[in-house]
Amino acid sequence: MSSNGLRITFNSPVVLSFAIISGLSLLLGYLTANYTTQAFFTTYHSSLLNPLTYLRMFTHVLGHANLSHYANNMLLFILIGPMLEEKYGSKRILFVILATAFVTALINNLFTPYALLGASGVVFAFIILASMTSFKEKEIPLTFILVLVLYLGREVMNGILVADNVSQMGHLIGGGCGGISGFIFAARKKEQEEDYDQ
């Protein structure tokens, strides 16, 4: 504690824990010449008899190829995440992360021959979820439409026109998970408000 009474707080436990564990997994990857990244933090089509197949379907979002990959994802993740965790609560944000991780891994492993790692799908889920925070009944915020056009439209075009190592499919699936989560959270809030009024 400083003399003026200011203190550092662990204000967003899920988001901060995710960022710290991701950083540690990256460091471990550097120390093991990427062995741990491939073994524990990358998802790909592998034997259903291997228990790590199921673990990696969730932990792949914690893995990153290099420091630049990690920094690019964490910049938006740490910027948007705390606001969402404050609004929706830690349990719901953890649900969004786990659901996005599982769905992107499942679709990737079933339909592509590629390996997948990184938090970008979760970041896109957060971007879409954040754009939905001002939803009201029978209204669609213009910010939500702009986010769809700019972010998801860009991913569709990049997937068609650009040959790179970026999983646009993972981004699109993450955005879809964020959108579905936003509608579910809004519906539950409306139900709670109706129950309260009664």
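Rules behind the numbers
The residue count restarts for each chain, going from 1 along the sequence in the order it is written. Totals for whole chains, interfaces and linings use all residues, but because this is a predicted model, local features are given only for residues with pLDDT of at least 70 and pairs of side-chain atoms are given and counted only at 80 or more. Here the side-chain values reflect all heavy atoms present in the structure, with hydrogen atoms and water set aside. Like-charged residues are merged into a patch within 9 Å and nonpolar side chains (Val, Leu, Ile, Met, Phe, Trp, Tyr) within 5 Å, provided each residue has over 30% relative accessible area and no salt bridge. Note on areas: Shrake-Rupley, 1.4 Å probe, and residue coverage restricted to the protein chains presented here. By salt bridge we mean one thing: a side-chain nitrogen of Lys or Arg within 4 Å of a carboxyl oxygen of Asp or Glu. Each helix is a run of DSSP H or I of at least 4 residues and each strand a run of E of at least 2, with the numbering of both proceeding from the N terminus. A helix's residues, less one, multiplied by 1.5 Å, set its expected span. To sort residues, take the accessible area from a 1.4 Å probe on protein chains only and compare it with the maximum for the residue type: under 20% means buried, over 50% means exposed, and anything in between is partly exposed. Any N or O atom pair separated by 3.5 Å or less is treated as a polar contact, with the protein-specific requirement of one donor-capable and one acceptor-capable atom, and with residues adjacent in sequence counted only for side-chain atom pairs. By definition, the arc is the one covered by directions from the helix axis to the C-beta atoms. Every residue pair with non-hydrogen atoms within 4.5 Å of one another is taken to be in contact. What counts as an axis is a line fitted to C-alpha atoms, over the stretch in contact for a helix, and the angles between N-to-C directions run from 0 to 180 degrees. If an angle is under 35 degrees, it is roughly parallel; if it is over 145, roughly antiparallel; if it lies from 65 to 115, roughly perpendicular; otherwise it is oblique. Less than a right angle of anticlockwise turn of the near helix away from the far helix marks a crossing as left-handed, whereas a clockwise turn marks it as right-handed. Residue polarity is assigned by list, with Asp, Glu, Lys and Arg as charged and Ala, Val, Leu, Ile, Met, Phe, Trp, Tyr, Cys and Pro as nonpolar; anything else, Gly included, falls into the polar class. Two aromatic rings, drawn from Phe, Tyr or Trp (for Trp, its six-membered ring), form a pair once their centres lie within 6.5 Å of each other, and the interplanar angle then sorts them: stacked below 30 degrees, edge-to-face above 60, tilted otherwise. Two conditions define a charge located above a ring, namely a distance within 6 Å from the ring centre to NZ of Lys or CZ of Arg, and an angle within 35 degrees of the ring normal.

J.: Can you walk me through a nonpolar patch on the surface in this structure?
T.: A cluster of nonpolar side chains, contributed by Phe58, Leu94, Leu98, Phe102, Leu106, Leu110 and Phe111, occupies part of the molecular surface with about 660 Å² of accessible area. Counting residues per element, the nonpolar patch draws most heavily on helix α5 (residues 90–111), at six residues. Tracing the backbone through its elements, the reader meets Leu94 in helix α5.

J.: Explain unusual backbone geometry here, please?
T.: In terms of backbone geometry, most residues other than glycine have negative phi values and most peptide bonds are trans. Phi is positive for Ala33, close to 55°, though the residue is something other than glycine. Within the fold, Ala33 resides in the loop between α1 (13–31) and α2 (35–40). The backbone phi angle of Asn34 is positive, close to 70°, even though this residue is not glycine. Mapped onto the secondary structure, Asn34 falls in the loop between α1 and α2.

J.: How should helix α4 (residues 67–88) be read in this particular structure?
T.: In an α-helix, one turn spans 3.6 residues; hence positions three or four apart end up facing the same way. For α4, with 22 residues, the first-to-last C-alpha span of 30 Å sits near the 32 Å given by 1.5 Å per residue. For α4, the set of buried residues is Tyr70, Asn73, Met74, Phe77, Ile80, Gly81, Leu84, Glu85 and Tyr88. The residue sitting at the N-terminus of α4 and contributing the capping side-chain oxygen is Asn66; that oxygen lies 3.2 Å from the backbone nitrogen of Ser68. Immediately beyond the C-terminal end of α4, within one or two residues, lies Gly89, with a positive phi of roughly 95°.

J.: Please clarify how α5 should be interpreted in this entry.
T.: The terminal C-alpha atoms of α5, which comprises 22 residues, lie 32 Å apart, in line with the 32 Å expected from a rise of 1.5 Å per residue. Inspection of α5 places Ile93, Val96, Ile97, Thr100, Ala101, Thr104, Ala105, Asn108 and Asn109 among the buried residues, and these make up the whole buried set. Along the long axis of α5, the arc covered by the buried residues comes to 165°, so they all point the same way. Projecting away from the buried face of α5 at angles above 90 degrees are the exposed residues Lys91, Leu110 and Phe111.

J.: So what exactly am I meant to see when it comes to the environment of Asn11 here?
T.: Within the secondary structure, Asn11 sits in the segment before α1. When the C-alpha atoms of Asn11 and Glu85 are compared, they prove to be 9.3 Å apart, with 74 residues separating the residues in sequence. Apart from the residues lying within four places of it in its own chain, the contact partners of Asn11 are Leu16 and Pro82.

J.: Is there a simple way to explain the packing of α1 against α5 in this structure?
T.: Packed helices, taken two at a time, are described by their axes: the angle between them and the distance between them. Two elements in contact, α1 and α5, have axes separated by 9 Å at closest approach and are oriented at 40°. For the element pair α1 / α5, the angle class is oblique. Residues Pro13, Val14 and Phe18 of α1 lie in contact with α5, whose contacting residues are Ser90, Ile93, Leu94 and Ile97.

J.: What exactly am I supposed to notice about the packing of α5 against helix α6 (residues 120–131) here?
T.: Their axes nearest at 9 Å, the elements α5 and α6 cross at an angle of 130°. Accordingly, the angle class assigned to the pair α5 and α6 is oblique. Every pair of crossing elements has a handedness; the one defined by α5 and α6 is right-handed. On α6, the residues touching Ile93, Val96, Ile97 and Thr100 of α5 are Gly121, Val122, Ala125, Phe126 and Leu129. Grouping the amino acids of the contact of α5 with α6 by side-chain chemistry returns seven nonpolar, two polar and no charged.

J.: When you look at the packing of aromatic side chains in this model, what are you seeing that I'm missing?
T.: The way to describe two aromatic rings as a pair is by their centre distance and the angle between their planes. Evaluated as defined, the whole model comprises four aromatic pairs. Between Phe58 and Phe102 the ring centres are 5.6 Å apart and the planes differ by 20°, which places this aromatic pair in the stacked class. Of this pair, Phe58 sits in helix α3 (residues 51–59) while Phe102 sits in helix α5, and the two are 44 residues apart along the sequence. You can call Phe58 partly exposed: its relative accessible area is 36%. With a relative accessible area of 32%, Phe102 lands in the partly exposed category. Residues Tyr88 and Phe185 carry aromatic rings whose centres are separated by 5.0 Å and whose planes lie at 40° to one another, so their mutual orientation is tilted. One end of the pair, Tyr88, is in helix α4; the other, Phe185, is in helix α8 (residues 168–197), and 97 residues separate them in sequence. Here Tyr88 falls in the buried class, since its relative accessible area comes to 14%. Through successive ring pairs, a cluster of aromatic residues spans Phe18, Phe77 and Phe126. Over the ring of Tyr88 we find Lys87, and its NZ or CZ is 5.6 Å from the ring centre.

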